[in-house]
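The lines below spell out each chain.
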Amino acid sequence: LAGSLATLEDGVAHARAAHDDALLAGGPVFRVPLVLTWLGRFDEAEPRAHECSDIADRTQYPLELGLPLAALTQIAVARGQYDEAEQHAHRALLLQRLSGYHWAAGLFLPPLACAHVARGQFAQAREVLATWAETADALEQASVDLFSRWVTACERHLAVLGAPLPGLPRSEERRVGT
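Below is a short write-up of the structure.

The rules behind each value
- Residues numbered from 1 in each chain as written.
- Predicted model: local features only at pLDDT ≥ 70, side-chain atom pairs only at ≥ 80, totals over all residues.
- Heavy atoms only, no water.
- Helix = DSSP H or I, 4+ residues; strand = E, 2+ residues; numbered from the N terminus.
- Buried < 20%, exposed > 50% of the residue type's maximum accessible area, 1.4 Å probe, protein only.
- Contact = heavy atoms within 4.5 Å.
- Areas by Shrake-Rupley, 256 points an atom, 1.4 Å probe, with all protein chains shown as cover.
- Polar contact = N/O pair within 3.5 Å; in protein donor to acceptor, adjacent residues only side chain to side chain.
- Axes fitted to C-alpha atoms, helices over the stretch in contact; angles between N-to-C directions.
- Left-handed = near helix turned anticlockwise from the far one by under 90°.
- Phe/Tyr/Trp six-rings, centres within 6.5 Å; stacked < 30°, edge-to-face > 60°.
- Patch = residues over 30% accessible without salt bridge, like charges linked within 9 Å, V, L, I, M, F, W, Y side chains within 5 Å.
- Salt bridge = Lys/Arg side-chain N within 4 Å of Asp/Glu carboxyl O.
- Expected span 1.5 Å × (residues − 1).
- Core = buried A, V, L, I, M, F, W, Y, C linked by side-chain atoms within 4.5 Å.

### Quick look at the overall build of the protein
Here's step 1: For the protein, the count of helices and strands is 10 helices and zero strands.
Here's step 2: Listing every helix and strand of the protein by position from the N terminus yields α-α-α-α-α-α-α-α-α-α.
Here's step 3: For the protein, with 178 residues in total, the buried portion stands at 39%.
Here's step 4: A sequence separation of at least 24 residues applies to 59% of the contacts in the protein between residues at least 6 apart.
Here's step 5: In the form shown here, the protein has an accessible surface area of approximately 9500 Å², with 56% of it arising from carbon and sulfur atoms.

Below, the structure is given as structure tokens:
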């Protein structure tokens, strides 16, 4: 990922040197926030993603905006800011539906489903996955199916490996009073 980031940053530098917002709008600047996010560099990724939003607004070219919105969704989920994650994901979904540009859905809808699972909102998590399935290709459909099984496992308290998700009540807490 570090090599990819360096290559993307070189592309951003060339686009900035050309002083052409159109080059920025259709280029690597919209991918940088995702790579920074995947590297765990949230504090760098977040302002870069917001910069992309400004560029998209200025150029009236929102096609690539789903990518930095996916980064913002992922960051918000990782930080436990589920309401914020939902806002970013819904904006990305709206852009996807208006543009017909579907492939970014696999980058923002799974984290949104995770946010719902973390809140114990399993039906909403399944709705998010059903939305993803509407436009998923064969490879993505396999991921949708896997995520669906994960949601069911969490709902049935079958996922026992690893630390619990932030905000997700432990099994003992849920059983109290039942």
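### Describing the environment of Trp-132
Here's step 1: Residue placement: Trp-132 occurs in helix 8 (residues 122–135).
Here's step 2: Since its relative accessible area comes to 3%, Trp-132 is described here as buried.
Here's step 3: Sequence spacing of Trp-132 and Leu-109 is 23 residues, and the spatial spacing of their C-alpha atoms is 6.5 Å.
Here's step 4: Within the structure, the side chain of Trp-132 is placed 3.4 Å from the side chain of Glu-140, a separation counted as a polar contact.

### Some thoughts on the packing of helix 6 (residues 82–99) against helix 7 (residues 105–118)
Here's step 1: Where helix 6 contacts helix 7, the two axes come as close as 9 Å, and the packing angle between them is 145 degrees. Helix 6 and helix 7 meet at a crossing whose hand is left-handed. For the pair formed by helix 6 and helix 7, the contact residues are Tyr-82, Glu-86, Ala-89, Ala-92, Leu-93 and Gln-96 on the first element and Ala-105, Phe-108, Leu-112, Ala-115, His-116 and Ala-118 on the second.

### Some words on the packing of aromatic side chains
Here's step 1: Applying the stated criterion across every chain, the model contains two aromatic pairs.
Here's step 2: Feature note: the residues Trp-132, Phe-147 and Trp-150 constitute an aromatic cluster, connected by ring pairs.

### Things to note about the side chain of Thr-131
Here's step 1: Among the structural elements, Thr-131 can be located in helix 8.
Here's step 2: Setting aside its immediate chain neighbours within four residues, Thr-131 contacts Leu-93, Arg-97 and Leu-109.

### Examining a nonpolar patch on the surface
Here's step 1: Judged by side-chain polarity, Leu-1, Trp-38 and Leu-39 come together as a nonpolar surface patch covering roughly 290 Å² of accessible area.
Here's step 2: Positionally, Leu-39 belongs in the loop between helix 3 (32–38) and helix 4 (42–59).
Here's step 3: Accessibility expressed as a relative area gives 32% for Leu-39, which makes it partly exposed.

### Notes on helix 8
Here's step 1: For helix 8, the full list of buried residues reads Phe-122, Ala-125, Val-128, Leu-129, Thr-131 and Trp-132.
Here's step 2: If you follow the buried residues of helix 8, they end up packed against helix 6, helix 7 and helix 9 (138–155).

### Notes on helix 4
Here's step 1: Helix length check: helix 4 (18 residues) gives 26 Å between terminal C-alpha atoms against 26 Å at 1.5 Å per residue, within 8%.
Here's step 2: Turning to helix 4, its buried residues are Ala-45, Glu-46, Arg-48, Ala-49, Cys-52, Ser-53, Ile-55 and Ala-56.

### Points about the nonpolar core
Here's step 1: The biggest cluster of nonpolar side chains holds 44 residues, and the ones touching the most others in it are Val-29, Phe-30, Phe-108, Leu-109 and Trp-132.
Here's step 2: Counting only elements with at least two residues in this core, the list comes to helix 1 (2–17), helix 3, helix 4, helix 5 (66–78), helix 6, helix 7, helix 8 and helix 9.
Here's step 3: Looking at which element gives the most residues to this core, the answer is helix 7, with seven residues.
Here's step 4: Setting aside residues up to four positions removed in sequence, Trp-132 forms contacts with Ala-105, Gly-106, Leu-109, Pro-110, Glu-140, Ser-143, Val-144 and Phe-147.

### Observations concerning unusual backbone geometry
Here's step 1: Unusually for a residue other than glycine, Gln-60 sits at a positive phi of about 60 degrees.
Here's step 2: You can see Gln-60 is positioned in the loop between helix 4 and helix 5.
Here's step 3: Under the relative-accessibility criterion, Gln-60 is labelled exposed at 68%.

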